[in-house]
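In case you want the letters, here they are:
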Amino acid sequence: MSTFARRAALALAFALIVAACGGGDAEESAGTSAPSETTVAPESSTTTEVADTTTTTEAEVGPVAPLTGLPDEAGVDRPALAIKIDNHPLARPQVGINQADVVLEEIVEGNITRFVAIFHSQDSDPVGPVRSARTQDPLLLAHFGGALFANSGGNAGSMAAVRNSEDIVDVGQNSLPGAFFRQSGRPGPHNLFSNTSDLFAGGPDDVGRPPQLFSYLDAEADPPEGAVEAAGVELQYGGVTVVYEWDDAEGGWIRTQAGTPHVDGDEVQVAPTNVVVMETDYGRSSAAAGSPEAIVTGSGRALVLTQGTVQEGTWERETPQDVATLTTDSGATMVLTPGRTWIALPRPGGATITG
């Protein structure tokens with residue numbers, strides 16, 4: 001695949017991501033929680049670096065959505081909304097995951113995974129199934145600048161972590177019980193749903209847009225210079241294998257898990273524009289000995305898959321509130337194609353490039 005003469009990146013932001021939930025019962029007991037006061041870092045102005053050292057300003061390219069890099073002429077002025085989504089076999093198919101700007105996947109109890117679906121530019125009514133909070137959630141979401149956090153509750157330790165965080169606002173079932181409902185035809189506890197419109201409405205009015213997480217190519221640009229063609233990536237989480245494969249027709253990375261195509265409630269296969277892999281160490285949650293807790297600071301191996309190519313390098317974050325930097329082995333900033341992104345957080349050694 002050809003490289004391009006111009007490489008652009010819609011510059012940076014402020015703070016980074018992630019969150020997870022577990023599959024066991026150790027952290028499922030309900031707790032009470034109240035919304036946290038949050039402060040939001042002001043958004044930085046953005047410029048676009050180009051290989052010939054010329055720059056393109058936002059005025060020239062138009063406003064873009066902070067979590068997708070796509071045009072945002074309306075200038076949507078609302079916070080990010082993070083929703084814990086169940087990934088147990090009985091929870092599938094999930095509803096709304098293909099409408100999220102960003103989806104994080106991380107390890108929970110039993111070495112299975114759960115998702116944190118981040119909404120900003122689109123809505124999904126309904127969305128779910130919604131599951132419980134974990135102590136790692138405030139840390140994983142700290143870089144979103146005051147994200148609303150929807151969850152089904154959790155044990156006392158987990159809900160204390162959510163309640164005491166200054167980086168998120170709880171809009172979970174304990175805080176907004178009227179925003180949640182049980183969907184018939186699904187077994188409990190995999191049947192709790194909500195609407196993003198209700199969750200956004202339940203948040204405070206003084207939390208603005210999230211920061212931009214990634215640098216992006218110009219629209220219609222070729223893959224980034226130095227990227228290598230790749231068929232996809234295989235991810236080992238311990239209890240489940242996930243594969244992403246490039247599909248030209250979809251213009252995205254089609255996802256399978258446990259050998260089965262991953263489809264949403266409309267039978268549309270998950271196929272994000274970008275996949276970002278950040279190999280991550282996990283410790284132990286203080287709320288439950290069997291619950292993993294992602295170590296969100298430090299550094300680790302990173303892969304960025306876009307347009308049928310992969311960039312290899314390192315992610316680095318000094319504090320949970322920082323947006324992680326993604327740097328290639330040659331020292332360049334990793335760049336994505338504007339569109340939806342899924343972020344994978346396997347343990348070190350858990351990602352294998354295919355093809």
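Since this is a predicted model, take the numbers as computed values, not measurements.

## A short note on the overall build of the protein
And then number 1: A count of helical and extended segments in the protein gives 4 helices and 25 strands.
And then number 2: Per-residue burial over the protein gives 56% buried out of 355 residues.
And then number 3: Considering only contacts within the protein whose residues lie at least 6 apart along the sequence, 71% involve residues at least 24 apart.
And then number 4: Carbon and sulfur atoms provide 48% of the accessible area of the protein, an area that totals close to 13,600 Å².

## Quick word on the nonpolar core
Most often, soluble globular proteins keep nonpolar side chains buried together rather than apart.
And then number 1: Within the largest apolar cluster, 72 residues are counted, with the highest numbers of intra-cluster contacts made by I83, I118 and L235.
And then number 2: By residue number, the principal contributor to this core is strand β6 (residues 113-119), which donates 5 residues.
And then number 3: With near-sequence residues (within four places) excluded, L235 lies in contact with V240, T241, V242, Y244, V277, A344, P346, G350 and A351.

## Considering the pattern of salt bridges
And then number 1: Across all of its chains, the model carries 8 salt bridges by this definition.
And then number 2: For the salt bridge of D86 with R131, the shortest nitrogen-to-oxygen distance reads 2.8 Å. Of this pair, D86 sits in the loop between β4 (81-85) and β5 (102-107) while R131 sits in the loop between β6 and α2 (137-140), and the two are 45 residues apart along the sequence.
And then number 3: Owing to a relative accessible area of 2%, D86 belongs among the buried residues under this scheme.
And then number 4: On the basis of relative accessibility, which here comes to 5%, the residue R131 falls in the buried class.
And then number 5: Salt-bridge contacts for R134 lead to E109; the nearest nitrogen and oxygen are separated by 3.3 Å.

## Focus on the side chain of R255
And then number 1: Looking at the element boundaries, R255 is found in strand β15 (residues 252-257).
And then number 2: There is a polar contact of 2.6 Å between the side chain of R255 and the side chain of Q257.
And then number 3: Excluding residues within four positions of it along the chain, R255 makes contact with N87, E105, F115, V242, V243, Y244, T260, P261, H262, Q269, V270 and W342.

## Quick word on the pairing of strand β7 (residues 147-150)
And then number 1: The alternating pattern of β7 places A147 and F149 and L148 and A150 on opposite faces, both of which are buried.
And then number 2: In this sheet, β7 lies alongside β4 in parallel orientation, the contact comprising 3 bridges. Its bridge partner being in β7, L81 is matched across the sheet by L148.
And then number 3: Strand direction decides the pairing type here: β7 and strand β8 (residues 168-170), joined by 3 bridges, are parallel. Note on β8: the bridge partner recorded for F149 is D170.
And then number 4: For the segment spanning β7, helix α3 (residues 156-164) and β8, crossover handedness is right-handed.

## Topic: the environment of V242
And then number 1: Among the secondary structure elements, V242 is positioned in strand β14 (residues 241-247).
And then number 2: Here V242 falls in the buried class, since its relative accessible area comes to 0%.
And then number 3: Placed 19 residues apart in sequence, V242 and P261 show a C-alpha to C-alpha distance of 9.9 Å.
And then number 4: Ignoring sequence-local partners within four residues, the contact set of V242 consists of E105, V233, E234, L235, Y237, R255, T256 and Q257.

## Brief notes about the environment of V171
And then number 1: Among the secondary structure elements, V171 is positioned in the loop between β8 and β9 (180-182).
And then number 2: Sequence-distant contacts of V171, that is, excluding residues within four places in its chain, are made with L81, L148, F149, A150, L176, F180, L199, G202 and G203.

## Some points on the packing of aromatic side chains
And then number 1: Per the counting criterion, the structure on display carries 4 aromatic pairs.
And then number 2: With centroids separated by 5.2 Å and ring planes inclined at 70°, the aromatic side chains of F115 and W342 adopt a geometry described as edge-to-face. Of this pair, F115 sits in strand β6 while W342 sits in strand β24 (residues 341-345), placing them 227 residues apart in sequence. W342 carries the same exposure label as F115, and that label is buried.
And then number 3: Here the aromatic rings of F181 and F193 are separated by 6.4 Å at their centres, their planes lie at 25°, and the arrangement is stacked. Taken together, the residues F181 in strand β9 and F193 in strand β10 (residues 192-194) connect sequence positions 12 residues apart.
And then number 4: Judged by relative accessible area, which is 31%, F181 ranks as partly exposed.
And then number 5: According to the relative accessible area criterion, F193 is buried, its value standing at 0%.
And then number 6: Here R78 stacks its cationic end above the ring of F200, 3.8 Å away from the centre of that ring.

The rules behind the values
- All residue numbers here refer to positions counted from 1 along the written sequence of the relevant chain.
- The predicted origin of the model limits local features to residues at a pLDDT of at least 70 and limits the giving and counting of side-chain atom pairs to 80 or more, whereas totals for whole chains, interfaces and linings rest on all residues.
- Side-chain figures throughout are based on the complete set of non-hydrogen atoms in the structure, without hydrogens or water.
- Helix numbers and strand numbers start at the N terminus; a helix is a DSSP run of H or I with at least 4 residues, a strand a run of E with at least 2.
- Buried residues are those whose accessible area, probed at 1.4 Å on protein chains only, stays under 20% of the maximum for their type, while exposed residues exceed 50% and partly exposed ones sit between those limits.
- Residues are treated as being in contact if the distance between any of their heavy atoms lies within 4.5 Å.
- Note on areas: Shrake-Rupley with a 1.4 Å probe; residue coverage comes only from the protein chains shown.
- Buried Ala, Val, Leu, Ile, Met, Phe, Trp, Tyr and Cys residues that are joined via side-chain atoms within 4.5 Å together make up what is termed a nonpolar core.
- Should a side-chain nitrogen of Lys or Arg be within 4 Å of a carboxyl oxygen of Asp or Glu, the pair is scored as a salt bridge.
- N or O atoms closer than or at 3.5 Å make up a polar contact, with two conditions inside protein: a donor-capable atom paired with an acceptor-capable one, and, for residues adjacent in sequence, both atoms drawn from side chains.
- Any two strands between which DSSP finds at least two bridges are classified as paired.
- Place the viewer so that the strands point away; then a crossover is right-handed whenever the path from the first strand over the helix to the second strand goes clockwise.
- Ring geometry is summarised as follows: Phe, Tyr and Trp rings, the Trp one being its six-membered ring, pair when their centres sit within 6.5 Å, and such pairs are stacked at plane angles under 30 degrees, edge-to-face over 60 and tilted between the two.
- Note on criteria: charge over ring means Lys NZ or Arg CZ within 6 Å of the ring centre, with the direction from the centre no more than 35 degrees off the ring normal.

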